[in-house]
Amino acid sequence: MSEDQSQKLAEITTLYEITKVLASSTDLRDCLEQIMDILSGQWQMHNGTVTIINPVTSQLEIEIAHGLTAEARNRGKYEVGEGITGRVVASGVPVVVPSISDEPLFLNRTRSRGDLNQKKQISFLCVPVKHGQQVIGALSVDREYRKGLDFENDLQFLAVISGLIAQSVVRIQAFAEEKRKLVNENSSLRRELSGKYQIGNIVSNSSRMREVFDMIHRVAESNATVLLRGESGTGKTLVAKAIHYNSQRADQPFVVVNCSALPETLIESELFGHEKGAFTGAHAAKKGRFEVAEGGTLFLDEIGELSPMVQVKLLNVIQDREFQRLGGIAPVKCDVRLVAATHVDLEKAVAAGKFREDFYYRLNVFPVYLPSLRKRRTDILLLAEYFLQKYCRENDKDIARISTPAIDLLMQYHWPGNVRELQNCIERAVLICDDDAIKSYHLPPTLQTAESSTNKNPMSFAAAVEHYERELIVEALKHTGGNQTKASKYLDTSLRIINYKIHKYSIEPKEYKLAV
């Protein structure tokens with residue numbers, strides 16, 4: 001094999017090794033360091049340096065420099081057009097300096113070569129790193145100067161390497177930028193969640209809920225098991241999230257398991273996971289919710305629906321802080337804060353033998369009782385206004401308020417579905433309302449029947465007519481700022497009839513002068 005063929009084979013082998021390094025790495029500095037090692041060891045190209053344009057400062061900064069200290073790399077900053085490296089980047093044309101001691105443009109800013117006049121002659125080769133037509137940096141190396149050195153062949157070789165480096169720089173920078181965006185988005189979402197579930201953001205001003213807030217403050221920072229008690233729709237999930245996001249585990253996962261939604265045959269696998277082949281269809285091992293929630297909080301909703309067999313296994317997890325996957329042998333340690341919730345009367349369930357007594361006492365470390373909406377009536381209007389604003393924003397509607405008769409219906413209703421039912425009620429009203437106020441007829445029929453309140457005496461026909469007329473007149477006075485003449489025109493009737501009805505129903509127009 002001739003010397004020229006040996007040279008070509010060596011170049012191809014080197015390029016193959018460099019391509020392997022670039023293809024397998026997502027760390028820019030690590031892969032460039034390996035490339036410089038290859039050039040130094042196999043081609044006697046020393047002080048290999050890759051400089052990249054910083055997109056923020058527009059300066060040329062050393063990304064990697066073979067054999068240089070961190071201090072020397074920090075000194076190696078150039079403006080585009082400054083020194084030989086800066087000129088190569090500015091022009092996009094390779095440069096060869098046969099002897100750097102004779103070149104005034106060579107700045108030696110890193111001071112890695114010592115006194116250039118007292119050392120043997122060194123040649124400096126620098127080629128641009130291009131992505132398409134855009135120059136994004138430069139690749140430079142030192143070679144010991146000797147007569148007959150083929151600089152042209154070296155430049156072509158380095159140009160090929162710089163092209164490979166350019167593709168990897170762009171790929172890795174894009175990957176790093178995407179990763180940075182995802183990290184920022186994740187941090188932003190965590191901050192948003194943390195803010196959303198702050199205790200102060202739970203809508204309430206009732207004394208009963210203030211007691212709940214106090215309990216949340218007391219238990220949030222601890223690792224104690226919390227049992228949330230209350231009817232469906234009272235906000236147990238919201239309180240569970242408030243406990244998590246106000247605890248030291250706020251940056252860790254919050255995992256929800258609805259025990260009533262999972263069949264008994266799957267609940268164990270969902271909670272504890274399973275090994276491959278544990279049962280028919282288990283083609284791979286799977287983590288359970290306890291492992292997914294590691295370091296964070298596991299919220300077991302409707303825990304009163306669990307079977308006695310699963311209760312026993314959960315009892316062991318709470319006691320020993322470890323469990324076994326379905327079909328597994330080795331115990332799995334867990335560090336999870338447990339918050340459970342139920343609408344079931346657990347004391348009656350224990351007495352009836354449907355709920356294990358020992359499990360009940362393990363759960364009932366710190367019980368928090370959430371009052372039903374009918375026991376915190378001062379919150380009804382506050383919540384209704386909150387949901388009105390929320391669904392107006394979501395549906396791009398401009399509904400200013402809830403009418404007085406509609407408020408009366410909301411306040412009289414007994415709300416068996418609690419806050420969730422109120423939320424659905426207001427959402428429905430917003431969707432069907434085309435006025436600037438929610439009227440009584442926008443509310444669901446259940447609120448307008450005799451069964452909607454605790455009043456057993458049904459409204460008479462005359463009382464219903466009076467109720468409707470009063471609502472129309474009050475709305476007209478609000479719309480016209482208490483002006484009775486304008487109100488009569490608004491309702492397309494005479495001033496005499498309006499005045500008669502106002503006196504009949506003891507309405508005070510002056511109260512609505514500032515209502516516009």
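Look up: the structure comes first, before these words.
Quick summary incoming for the structure in this document.

### Re the packing of aromatic side chains
For any pair of aromatic rings, geometry is given as the distance between the ring centres together with the angle between the planes.
Piece 1. Under the counting rule described, the total for this entry stands at nine aromatic pairs.
Piece 2. On the basis of an interplanar angle of 45 degrees and a centroid distance of 5.8 Å, the ring pair of F290 and F323 is categorised as tilted. One end of the pair, F290, is in helix 9 (residues 289–292); the other, F323, is in strand 12 (residues 322–323), and 33 residues separate them in sequence.
Piece 3. The exposure class of F290 is buried, given its relative accessible area of 3%.
Piece 4. For F323, a relative accessible area of 6% gives the class buried.
Piece 5. In this structure an aromatic cluster arises from ring pairing among Y245, F254 and F299.

### Quick word on helix 4 (residues 83–91)
Piece 1. Listed as buried for helix 4 are G83, I84, T85, G86, V88 and V89.
Piece 2. Residues of helix 4 that are buried in the fold lie against strand 1 (46–53), strand 2 (60–65), strand 4 (95–97), strand 5 (122–131) and strand 6 (134–144).
Piece 3. Immediately beyond the C-terminal end of helix 4, within one or two residues, lies G92, with a positive phi of roughly 75 degrees.

### A closer look at the side chain of T51
Piece 1. With respect to the helices, strands and loops of the structure, T51 is situated in strand 1.
Piece 2. Residue classification places T51 among the buried residues on the basis of a relative accessible area of 4%.
Piece 3. Sequence-distant contacts of T51, defined by excluding residues within four places in its chain, comprise L60, E61, I62, E63, T85, I136, G137 and A138.

### Examining the pattern of salt bridges
Piece 1. Taken as a whole and judged by the stated rule, the model has 16 salt bridges.
Piece 2. Close ionic contact of E347 with R229 constitutes a salt bridge, the shortest N to O distance being 2.9 Å. Taken together, the residues E347 in helix 11 (residues 346–351) and R229 in strand 7 (residues 226–229) connect sequence positions 118 residues apart.
Piece 3. Where E469 meets K501, a salt bridge forms, and the shortest distance between an N and an O atom there is 3.1 Å. Of this pair, E469 sits in helix 16 (residues 461–480) while K501 sits in helix 18 (residues 495–504); the two residues are 32 residues apart in sequence, bridging distant segments of the chain.
Piece 4. One connected set of salt bridges, linked through shared partners, spans E270, K286 and R289.

### Details of the pairing of strand 14 (residues 337–342)
Piece 1. For strand 14, the tally of buried residues reaches six of six residues, placing the bulk of the element in the interior.
Piece 2. Of the two faces of strand 14, the one holding R337, V339 and A341 and the one holding L338, A340 and T342 are both buried throughout.
Piece 3. One ladder, built from four bridges, connects strand 7 with strand 14; its direction is parallel. Within the sheet, the bridge partner assigned to V226 lies in strand 14 and is V339.
Piece 4. Strand direction decides the pairing type here: strand 11 (residues 297–301) and strand 14, joined by four bridges, are parallel. From the neighbouring strand, T297 faces strand 14, where its bridge partner is R337.

Rules used in this analysis
Residues numbered from 1 in each chain as written. Predicted model: local features only at pLDDT ≥ 70, side-chain atom pairs only at ≥ 80, totals over all residues. Heavy atoms only, no water. Phe/Tyr/Trp six-rings, centres within 6.5 Å; stacked < 30°, edge-to-face > 60°. Helix = DSSP H or I, 4+ residues; strand = E, 2+ residues; numbered from the N terminus. Buried < 20%, exposed > 50% of the residue type's maximum accessible area, 1.4 Å probe, protein only. Contact = heavy atoms within 4.5 Å. Salt bridge = Lys/Arg side-chain N within 4 Å of Asp/Glu carboxyl O. Pairing = 2+ DSSP bridges.

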